[in-house]
Amino acid sequence: MRGLNLLLVVLILGGCGDSAEDIKANQKVEAFKNEIAHKASKEEEAIVDNNESHKEGFMKKIGFETNGSIITLDTNKTKGYIHELGSNLKEKSIQLSKNIQEIDIDINKTKNFVSDMGKKMENIAQDVDTFTRSITQEHNTTH
């Protein structure tokens, strides 16, 4: 688009008179601009149509349809969609529950590991304390 604008500015500033070549070049530029605008318009329509079809697909899935000024609500489709959604949520909640249980098991393992390590560290500290006391007593008795 910048190239097009730059070309247009150059053409406008480049010639003051309208020769046959200038007129032909201006027509080409206008045709090119119209083609670009048309393509952009088509792309925009495609995007809007895609969004509309997605919305329409969802609305039909839940049983909601429009035809001009007539609105139809199929309660069986709505009920089916809600039931399907409930089943999906139930499956997800079961999976989440399993994941939480696995995490809980891992936390319990970690808790036990930390507790065991704490006891071992306490025993080592007591052994070091006993050892240093015995060295201190030997040192005091030899002097």
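Right, let's walk through the structure included here. (Residues numbered from 1 in each chain as written. Predicted model: local features only at pLDDT ≥ 70, side-chain atom pairs only at ≥ 80, totals over all residues. Heavy atoms only, no water.)

### Brief notes about the overall build of the protein chain
Part 1 of the reasoning: Secondary structure summary: the protein chain contains 3 helices and 2 strands in total.
Part 2 of the reasoning: Overall, the protein chain shows an N-to-C arrangement of helices and strands of α-α-β-β-α.
Part 3 of the reasoning: Within the protein chain, the proportion of its 143 residues that are buried is 2%.
Part 4 of the reasoning: Taking all contacts inside the protein chain whose residues are at least 6 apart in sequence as the whole, residues at least 24 apart take part in 16%.
Part 5 of the reasoning: Carbon and sulfur atoms form 59% of the exposed surface of the protein chain, whose accessible area is close to 12800 Å². (Helix = DSSP H or I, 4+ residues; strand = E, 2+ residues; numbered from the N terminus. Buried < 20%, exposed > 50% of the residue type's maximum accessible area, 1.4 Å probe, protein only. Contact = heavy atoms within 4.5 Å. Areas by Shrake-Rupley, 256 points an atom, 1.4 Å probe, with all protein chains shown as cover.)

### Details of the pairing of strand β2 (residues 70-73)
Part 1 of the reasoning: Both strand β1 (residues 64-67) and β2 contribute to a ladder of 4 bridges, which runs antiparallel. Note that in β2 the partner of N67 across the bridge is I70.
Part 2 of the reasoning: Once β1 ends, the chain turns through 2 residues before running back antiparallel as β2, passing G68 with a positive phi of about 70°. (Pairing = 2+ DSSP bridges.)

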